[in-house]
Amino acid sequence: MEQLIQQIASGLANGAIYACLALALVMIFVSTDHINFAQGEMAMFSAYLVWQLLEWGMSFWLALPIVALVSFLIGVSVERVILRPLHDAPILSVVVVFIGLLAIFHSLAGAIWGHTIKAIASPFPNVAFAGSGYIGPHQIGMIAVTILLLAALFAFFRFTPLGLAMRAAAQSPVSARLAGIRVDWMLALGWGLAAAIGAVAGALVAPAVYLEPNMMASILLYGFAGALVGGISSPGGAVAGGFIVGVLENLIAYFGNLLEKTTGVYIVGNGEKLTVALVIVITVLTLKPSGLFGHVTVKRV
Amino acid sequence: MGVLLEAQGLEAYYGQTQALHGVSFSLEQGGITTLLGANGAGKTTTLRAICNMVRTQGTIKLDGEPITGLATEEVVRRGVGHVPEGRGTFVNLSVDENLRAAAYTRSDKAAIQRDREMVYEYFPILKQRLTQQAGTLSGGEQQMLAISRALMLAPRLMLFDEPSFGLAPLIVQEIFRIMRRINAEAKVSMLLVEQNAALALELADHAYVLETGRVVMSGKASEVKSDESIRKSYLGY
């Protein structure tokens, strides 16, 4: 039982990171209909930036907002400089550009910081607390920071005029222009926000998985799965999907191991986590193509 | 009365297809002008050309300042409220959010609030629908929201694209009555595209008749109304 709770707790912690990446993917998807395959590598690059600032003696909690801001600017520039000219390009050209970006951020990180594994110390104090047998301080911290970030984003989109303008631009660019909203800038802002969210995810996950250029590859896959399960058109759904995928992968391994221990039959274990998680994603999408929380737009004419 | 908007030799293209062949017209300050013509004559395209929503050549001046080539949102920011075909509301946002998004470019909170009150006075039903998703409104209510959305920009000029489209006759009458009030009370000039020529000529003081992307006739609404060929082609008696 204790082990089960532990697995769920660590699943939630991983899920927090998947949720961040899923949200970053959705943020770009809802306004452009594109999936940014480079989202994970951009987050990895941001994690390296955090590491660099830590090396220079900065504290984590100062480095994180600085890197989030720098990542925001990188995201905005990528949209303005690289993707803007491709505005009317066929979808495949855009996909090629995303793959190119992925390769660029990947090799850039390797070239600047090398391919050897680096460690980032957890910014959360390693203290004992009620329930610390079930979940580590870093995992709690990851969940807490993610929830704060999500709450802040929710408030931004729900209550500020700029957030409303971004939603309006994502929903109907033509109508948004007719309301005087500068849609192109809203897209760039969306890219910036996505990059900043990815930066937070990267910086939070780095102490847990170690820093190296490939660190985000499987995490992005999980984030993508989370976004699809929750509904790629729904930010709230993507976040929920991220948590669901995180818990699910641990439960699969837990019950697989349990089965092996009690009956001696090995069906799934830690090695098959990703596979089974993706099978579940495919199942969900087959039964419910718009995802669990994806909305079907109500429209009357 | 001065000229608010002047268009000279407008040509518009959808891809390779030319939809306007040198259309010229001018709109008077405070007036209501209507564009008449059959389907495909270029009425909607003319409205789109003003807001640069279609590839356009020629010159357009708003209050003497050229606006040709400006992005749609910049034309809008100069006071052009476009109520497009298909209404141009945000169907997934609530009525309240639609109105807030519409006032996004303005910063004077008191003036925005005054315009809110004005909108509620014209369309009291919207005040009861504030939290409702715009896509779930009835057709008439959506058209009212679309007009309100344009009004919240505090426009100098409003462009209407078929405001009667798909609506019950009683609702159409009410909407046209309110359009007249907006013109008189809020001092907004209007350019109206309308299939229902009789209705349009009743509201408008000037009219242009388009045929296959060219102006074939223009003048005071009363003169156009009494023209023999117009009566036969567009008014049907």
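I will try to describe carefully the structure that is included in this document.

What counts as what
Residues numbered from 1 in each chain as written. Chains lettered and ligands numbered in written order. Predicted model: local features only at pLDDT ≥ 70, side-chain atom pairs only at ≥ 80, totals over all residues. Helix = DSSP H or I, 4+ residues; strand = E, 2+ residues; numbered from the N terminus. Rg over C-alpha atoms; globule rule 2.2 N^0.38 Å. Buried ≥ 20, exposed ≤ 12 C-beta atoms within 10 Å, placed from the backbone. Contact = placed C-beta atoms within 7 Å. Expected span 1.5 Å × (residues − 1). Pairing = 2+ DSSP bridges. Axes fitted to C-alpha atoms, helices over the stretch in contact; angles between N-to-C directions. Core = buried A, V, L, I, M, F, W, Y, C linked by C-beta atoms within 7 Å. Domains from an automatic or database assignment. Nonpolar A, V, L, I, M, F, W, Y, C, P; charged D, E, K, R; others polar.

## A short note on the overall build of chain A
- Tallying secondary structure elements over chain A gives 11 helices and 0 strands in all.
- Starting at the N terminus, the α and β elements of chain A follow one another as α-α-α-α-α-α-α-α-α-α-α.
- For 301 residues, the compact-globule formula gives about 19 Å, and the C-alpha radius of gyration of chain A, at 20 Å, lands near that figure.
- Seen along its three principal axes, the alpha-carbon backbone of chain A occupies a region of about 65 × 55 × 35 Å.
- The buried share among the 301 residues of chain A stands at 45%.
- When contacts within chain A are restricted to residue pairs at least 6 apart in sequence, long-range pairs at least 24 apart make up 74% of them.

## A closer look at helix H6 (residues 139–151) of chain B
Residue and element names in this part refer to chain B.
- Between the first and last C-alpha of H6 there are 18 Å, a value that for 13 residues agrees with the 18 Å anticipated at 1.5 Å per step.
- Of all 13 residues that make up H6, 11 are buried, and the element is covered over most of its length.
- Of the positions making up H6, those classed as buried are Glu141, Gln142, Gln143, Met144, Leu145, Ala146, Ile147, Ser148, Arg149, Ala150 and Leu151.
- Against strand E6 (80–83), helix H3 (95–102), helix H4 (109–122), helix H5 (124–128), strand E7 (157–161) and helix H7 (169–185) lie the buried residues of H6.

## Details of the environment of B:Glu211
- Mapped onto the elements of the fold, B:Glu211 is located in strand E9 (residues 206–211).
- Apart from residues lying up to four places away in sequence, B:Glu211 is in contact with B:Gly37, B:Ala41 and B:Val216.

## Description of the sheet that holds strand E5 (residues 65–66) of chain B
Residue and element names in this part refer to chain B.
- An order of E2-E1-E4-E5 is seen for the 4 strands of this open sheet, with the pairing classed as antiparallel. With one partner strand each, in any of the chains shown, strand E2 (17–28) and E5 form the two edges of the open sheet.
- For strand E1 (residues 3–14) and E2, the ladder comprises 9 bridges, and the chain directions are antiparallel. Looking across to E2, one finds that Glu6 is bridged to Ser26.
- Together, E1, E2 and strand E4 (55–62) form the strand contacts of helix H1 (residues 43–50), whose direction differs from that of E2 by roughly 70°.

## Topic: the nonpolar core
- By size, the foremost hydrophobic cluster in this structure holds 169 residues, and its most contacted members are A:Leu21 and A:Val200.
- It is helix H8 (residues 183–209) of chain A that provides the largest number of residues to this core, a total of 18 residues.
- A domain-level breakdown of this core finds at least three residues from each of domain 1 (1–79 + 155–164 + 186–237) and domain 2 (86–154) of chain B.
- Residues within four places of A:Val200 in sequence aside, it is in contact with A:Cys20, A:Leu64, A:Ala68, A:Val145 and A:Leu149.

## Concerning the environment of A:Val30
All names here are of chain A.
- Tracing the backbone shows Val30 in helix H1 (residues 2–32).
- Taking the C-beta count within 10 Å as the criterion, Val30 has 19 such neighbours and is therefore assigned partly exposed.
- If near-sequence neighbours (up to four positions away) are discounted, Val30 is found in contact with Ala170 and Ser233.

## Brief notes about the interface of chain B and chain A
- Facing 25 residues of chain B, the contacting portion of chain A comprises 21 residues.
- For the side of chain B that touches chain A, the elements supplying multiple residues, two or more each, are helix H2 (72–77), H3 and H6 of chain B.
- For the side of chain B that touches chain A, the class distribution of residues is 9 nonpolar, 11 polar and 5 charged.

Shape is all these values report; function is a separate question.
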